[in-house]
Amino acid sequence: MVDLHPATERRIVDYLDPWSAMRVRRSKRALAGAADSRYTLDLVPALRQSTTPKLLIWGEDDGFETVACAERFASEIPHTTLIRIPNAGHIPTENAPEQIARELIDFFTA
């Protein structure tokens, strides 16, 4: 059984508080804008050769990287299982932690 703590109003405020400052919001946008996919793309040949099972969990409502990216990855990389999380954004663990915990448990215990 997964030990989950309720998302109380206080915990939510504490979680979001560091991101509320303007300097942090600007920094977060700069970090996202500076993302360089070449390091990820460099791994593609090895991933295509790998027989290790892979689990890809993706938020269907991700506005940063659309679910089409995940579908393409899953179709091009062998032994990949894609789990789409409805009503979840770029960090689906925030939207569906229980579902993701179950998916991970199922994947690692199969």
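You'll find the structure just up there.
Residues numbered from 1 in each chain as written. Predicted model: local features only at pLDDT ≥ 70, side-chain atom pairs only at ≥ 80, totals over all residues. Heavy atoms only, no water.

Student: Sorry, what's going on with a nonpolar patch on the surface here?
Tutor: Together, Ile12, Tyr15 and Leu16 give the surface a local cluster of nonpolar side chains, amounting to about 280 Å² of exposed area. Take Leu16: it is sitting in helix 1 (residues 9-16). The partly exposed category is assigned to Leu16, whose relative accessible area is 48%. (Patch = residues over 30% accessible without salt bridge, like charges linked within 9 Å, V, L, I, M, F, W, Y side chains within 5 Å. Areas by Shrake-Rupley, 256 points an atom, 1.4 Å probe, with all protein chains shown as cover. Salt bridge = Lys/Arg side-chain N within 4 Å of Asp/Glu carboxyl O. Helix = DSSP H or I, 4+ residues; strand = E, 2+ residues; numbered from the N terminus. Buried < 20%, exposed > 50% of the residue type's maximum accessible area, 1.4 Å probe, protein only.)

Student: So what exactly am I meant to see when it comes to the pattern of salt bridges here?
Tutor: Oppositely charged side chains can form a pair if their charged atoms are brought close together. Following the criterion strictly, the structure yields 4 salt bridges and no others. Two residues, Glu60 and Arg84, come together in a salt bridge whose shortest N-O distance is 2.9 Å. Taken together, the residues span a long stretch of sequence, with Glu60 in the loop between strand 1 (54-59) and helix 4 (67-76) and Arg84 in strand 2 (residues 80-85) at a distance of 24 residues. A relative accessible area of 34% means that Arg84 is categorised as partly exposed. Between Arg84 and Glu71 there is a salt bridge, with the nearest N and O atoms lying 2.1 Å from each other. Of the two residues, Arg84 sits in strand 2 while Glu71 sits in helix 4, which places them 13 residues apart along the sequence. The class for Glu71 is partly exposed, based on a relative accessible area of 33%.

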